[in-house]
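Summary of structural features
The residues making up each chain are set out below.
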Amino acid sequence: MEDAKKKALTKIAKEYENIDTAEGEIALFLESWVNFDERAAEMILSEKKSLKGAFGHMRDVASKKHREKNASYLSHREEKEATLAYYGVEDPAALLEDGLMYAFYQNCASRWAPPEGKAAEIREAQEAQKKEDGLKLDFNELFG
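Structural notes, computed from the coordinates. Numbering of residues starts from 1 in every chain and runs along the sequence as written. Only residues with pLDDT of at least 70 get local features here, since the model is predicted, and only at 80 or more are side-chain atom pairs given and counted; chain-wide, interface and lining totals rely on the full set of residues. Heavy atoms from the whole structure form the basis of all side-chain values; hydrogens and water molecules are not counted.

**Focus on the overall build of the protein**
The following threshold applies: We count a stretch as a helix when DSSP gives it H or I for four or more residues in a row; a strand needs E for two or more, and each element gets its number in order from the N terminus. The reference for a compact globule is 2.2 Å times residues^0.38; the radius of gyration itself is calculated from the C-alpha atoms. Per-residue accessibility, obtained with a 1.4 Å probe over protein chains only, is compared with the maximum for each type, and a residue is labelled buried under 20%, exposed over 50%, and partly exposed between these values. Should any heavy atoms of two residues lie within 4.5 Å, those residues are counted as being in contact. Accessibility throughout is a Shrake-Rupley quantity obtained with a 1.4 Å probe, and a residue counts as covered only by protein chains that appear here. Working convention for charge: Lys and Arg count positive, Asp and Glu count negative, and His plus the chain ends are omitted. Think of each charge as sitting on NZ of Lys, CZ of Arg, CG of Asp or CD of Glu.
Counting its secondary structure elements, the protein contains 8 helices and 2 strands. Reading the protein from its N end, one meets helices and strands in the order α-α-α-α-β-β-α-α-α-α. Relative to the globule expectation of 15 Å for 144 residues, the C-alpha radius of gyration of the protein, 22 Å, shows a markedly less compact shape. Its C-alpha atoms give the protein principal-axis dimensions of roughly 80 × 45 × 30 Å. Taken over 144 residues, the protein has a buried fraction of 30%. In the protein, the share of contacts with a sequence separation of at least 24, taken over all contacts with a separation of at least 6, comes to 64%. Counting only carbon and sulfur atoms, one obtains 51% of the accessible surface of the protein, whose full area is about 10,200 Å². Across the protein, the centroid of the 22 positively charged side chains sits 5 Å from that of the 29 negatively charged ones.

So, in structure tokens, the structure goes:
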């Protein structure tokens, strides 16, 4: 099973150029899914399925579901449900609620985590700034 997981992650990595794009977010979601659900790798490795196909399916769902003037849109949850449906998940909402959405957001947040030791340094600086910015009242300034 680990081999299929590695192959799926490799396939995902090859299908996008920049993580900071819409396709990149879907890729990050797929990576989260592979690490969350052992059945995901098999579905992602299907030759008929691709990241671009998932993104196209998501656009099709958006254009049918929420169309206003010249724009179509989906909520974050709806995007993920459409992606899972594209890959053949029968009940995407249940999978998201079982913890996949949480795993995805954890994966997203981990990309922005400060380097080791830096988080404590940032907290200390914030605490020092709070103490420095505290309310300073001088009797002479108030009633002088």
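Right, picking up where we left off after that structure.
**Focus: helix H2 (residues 22–36)**
Quick note on the threshold: For a helix, the expected span equals 1.5 Å multiplied by the residue count minus one.
Look at H2: 21 Å from first C-alpha to last across 15 residues, which is about the 21 Å you get at 1.5 Å a residue. Those residues of H2 lying buried are Gly24, Ile26, Ala27, Leu28, Phe29, Leu30, Glu31, Ser32, Trp33 and Val34. Next to the buried residues of H2 lie helix H1 (2–14), helix H3 (40–44), helix H4 (51–65), helix H5 (76–86) and helix H6 (92–110).

**Comments concerning the pattern of salt bridges**
Short version of the rule: When a carboxyl oxygen of Asp or Glu lies within 4 Å of a side-chain nitrogen of Lys or Arg, that pair is called a salt bridge.
Under the criterion given, the structure shown has 8 salt bridges. Glu25 is the salt-bridge partner of Lys80, the closest N and O atoms lying 3.0 Å from each other. Of the two residues, Lys80 is situated in helix H5 and Glu25 in helix H2; the sequence distance between them amounts to 55 residues. For Lys80, a relative accessible area of 0% gives the class buried. One salt-bridge network, held together by shared partners, links Glu25, Glu79 and Lys80.

**Focus on the packing of H2 against H5**
Heads up, the rule is: Fitting a line to C-alpha atoms yields each axis, with helices limited to the stretch in contact; the angle taken between N-to-C directions then spans 0 to 180 degrees. The scheme is simple: roughly parallel for angles under 35 degrees, roughly antiparallel for over 145, roughly perpendicular for 65 to 115, oblique for anything else. Here is the rule for handedness: rotate from the far helix to the near one, and if that takes an anticlockwise turn smaller than a right angle the crossing is left-handed, while a clockwise turn gives right-handed. Three residue categories are used. Nonpolar comprises Ala, Val, Leu, Ile, Met, Phe, Trp, Tyr, Cys and Pro, charged comprises Asp, Glu, Lys and Arg, and polar comprises the others, including Gly.
Axis separation between H2 and H5 bottoms out at 11 Å; the angle between their running directions is 65 degrees. The orientation of H2 with respect to H5, classified from their angle, is roughly perpendicular. For the element pair H2 and H5, the recorded crossing hand is right-handed. Every residue of H5 that contacts H2 at Glu25, Ile26, Phe29, Leu30 and Trp33 is listed here: His76, Glu79, Lys80, Thr83 and Leu84. Looking at the contact of H2 with H5, its residues break down into 5 nonpolar, 2 polar and 3 charged.

**Here's the deal with the environment of Asn107**
The residue Asn107 is located in helix H6 in this model. Taking the C-alpha atoms as reference, Asn107 lies 7.6 Å from Leu28; in sequence the two are 79 residues apart. Once residues within four sequence positions are removed from consideration, Asn107 is found in contact with Leu28, Glu31 and Ser32.

**Section: the nonpolar core**
For the record, the criterion: Grouping buried Ala, Val, Leu, Ile, Met, Phe, Trp, Tyr and Cys residues that are joined through side-chain atoms within 4.5 Å yields what is termed a nonpolar core.
One finds Leu30, Trp33, Ile44 and Leu84 to be the most contacted residues of the largest nonpolar core, which totals 30 residues. When contributions to this core are tallied by element, the ones reaching two or more residues are H1, H2, H3, H4, H5 and H6. Considering every element that reaches this core, the biggest residue donor is H2, with 7 residues. Apart from residues no more than four positions distant in its own chain, Leu30 is found in contact with Ile12, Ile44, Leu51, Thr83 and Tyr87.

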